[in-house]
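Chain by chain, the residues run as shown.
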Amino acid sequence: DTAVSQTPKYLVTQMGNDKSIKCEQNLGHDTMYWYKQDSKKFLKIMFSYNNKELIINETVPNRFSPKSPDKAHLNLHINSLELGDSAVYFCASSQSLAGRTDTQYFGPGTRLTVL
Amino acid sequence: GNSVTQMEGPVTLSEEAFLTINCTYTATGYPSLFWYVQYPGEGLQLLLKATKADDKGSNKGFEATYRKETTSFHLEKGSVQVSDSAVYFCALAYSSASKIIFGSGTRLSIRP
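So, how was this worked out
- Residues numbered from 1 in each chain as written.
- Chains lettered and ligands numbered in written order.
- Predicted model: local features only at pLDDT ≥ 70, side-chain atom pairs only at ≥ 80, totals over all residues.
- Heavy atoms only, no water.
- Contact = heavy atoms within 4.5 Å.
- Buried area = accessible area lost by both parts, 1.4 Å probe.
- Salt bridge = Lys/Arg side-chain N within 4 Å of Asp/Glu carboxyl O.
- Polar contact = N/O pair within 3.5 Å; in protein donor to acceptor, adjacent residues only side chain to side chain.
- Helix = DSSP H or I, 4+ residues; strand = E, 2+ residues; numbered from the N terminus.
- Nonpolar A, V, L, I, M, F, W, Y, C, P; charged D, E, K, R; others polar.
- Pairing = 2+ DSSP bridges.
- Axes fitted to C-alpha atoms, helices over the stretch in contact; angles between N-to-C directions.
- Core = buried A, V, L, I, M, F, W, Y, C linked by side-chain atoms within 4.5 Å.
- Buried < 20%, exposed > 50% of the residue type's maximum accessible area, 1.4 Å probe, protein only.

Draft legend 1. Looking closely at the interface of chain A and chain B. Opposite the 24 residues of chain A that make contact, chain B presents 27 residues. Regarding the contact of chain A and chain B, the summed buried area is about 1,900 Å², with carbon and sulfur atoms giving 53% of it. Inspection of the region where chain A meets chain B yields zero salt bridges. On the surface where chain A and chain B come into contact, there are two residue pairs in polar contact (both at pLDDT 80 or more). Sorting the residues of the side of chain A that touches chain B by element identifies β4 (31–37) and β5 (43–50) of chain A as the ones contributing at least two each. When residues in the side of chain A that touches chain B are grouped by element, the largest group, four residues, is from β4(A). Of the residues belonging to the side of chain A that touches chain B, the class tally is 10 nonpolar, eight polar and six charged.

Structure representation (structure tokens):
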């Protein structure tokens, strides 16, 4: 059983388009995250949600809008895609907001390529 | 601010060699420290963690000790295998927020 799943795995699109990435976790966790990993493997948090409530928003452009319909899902919608948005996007989840002790479980990633 | 610095890769070793990947951190207070591993084409997974000074985390033959005096959390393994080839991330986190701060990652390649 997949703990954290993302769709699609690969996404190739033109500049200016709008796209969404979906994430689902079946671990019963309360907290979910989106991370961006650039071409040099540098990983940075974008958003976190706890029980559908936004907790962290790391100065991400307004073109990125996360949506959490329920605590098992956290989708990422991106408007007006730009070349610099090309990256691998990882979804993750953890039991709670206890960052010191809770393990984060990562999805397999979505490789976004903007042409 | 809080940050994590890792040794730059790539690191290439022969099978059964001894591995050290250095990690130092800058932080206020007392964070927990983690090593995550990313195998090719996969997401990150927790390798080991330590939540207080002098704690040693261990898993799959890897070890790291939380050294507050040197602000370090170096990853070691006595005898690496080809299957250990991956990217390794050092990270820290606080209880006051769910945010993890990752290092830049170190790519490890093991030759048969």
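Draft legend 2. Representation of the sheet that holds strand β3 (residues 19–25) of chain A. Residue and element names in this part refer to chain A. Here four strands make up an open sheet; going across it, the order is β1-β3-β8-β7 and the pairing antiparallel. Of all the strands in the sheet, the pair left with one neighbour each is β1 (4–7) and β7 (64–70). Mean inter-strand twist for the sheet, computed between neighbouring axes without regard to direction, equals 20°. Looking at chain direction, β7 and strand β8 (residues 73–78) are connected through five bridges and run antiparallel. The residue bridging F64 from the neighbouring strand is I78, located in β8.

Draft legend 3. Highlighting the nonpolar core. All names here are of chain B. The biggest cluster of nonpolar side chains holds 27 residues, and the ones touching the most others in it are W35, L47, L48, F73, L75 and Y88. Breaking this core down by element, the ones donating at least two residues are β2 (11–14), β3 (19–21), β4 (23–26), β5 (32–38), β6 (44–50), β8 (62–65), β10 (86–93) and β12 (106–111). Ranked by the residues each element gives to this core, the list is headed by β10, at four residues. Once residues lying within four places of it in the same chain are set aside, the contact partners of L75 are L19, T20, I21, W35, L47, L48, F62, E63, A64 and Y88.

Draft legend 4. Molecular detail of the sheet that holds β3(B). Residue and element names in this part refer to chain B. Taken together, four strands build an open sheet; the order of strands is β3-β9-β8-β7 and the sheet is antiparallel. Among the strands making up the open sheet, the edge pair consists of β3 and β7 (56–59). Recorded for the sheet is a direction-independent mean angle of 15° between the axes of neighbouring strands. Bridging between β3 and strand β9 (residues 75–77) involves three bridges; their strand directions are antiparallel. Bridge pairing in β9 links L19 to K77.

Draft legend 5. Here's a closer look at the environment of A:N75. Residue and element names in this part refer to chain A. Along the chain, N75 turns up in strand β8. When the C-alpha atoms of N75 and E24 are compared, they prove to be 8.3 Å apart, with 51 residues separating the residues in sequence. The contacts of N75, once residues within four sequence positions are left out, are I21, K22, C23, W34, S65, P66, K67 and P69. Among the polar contacts listed, one links the side chain of N75 to the backbone nitrogen of C23, at a separation of 3.3 Å.

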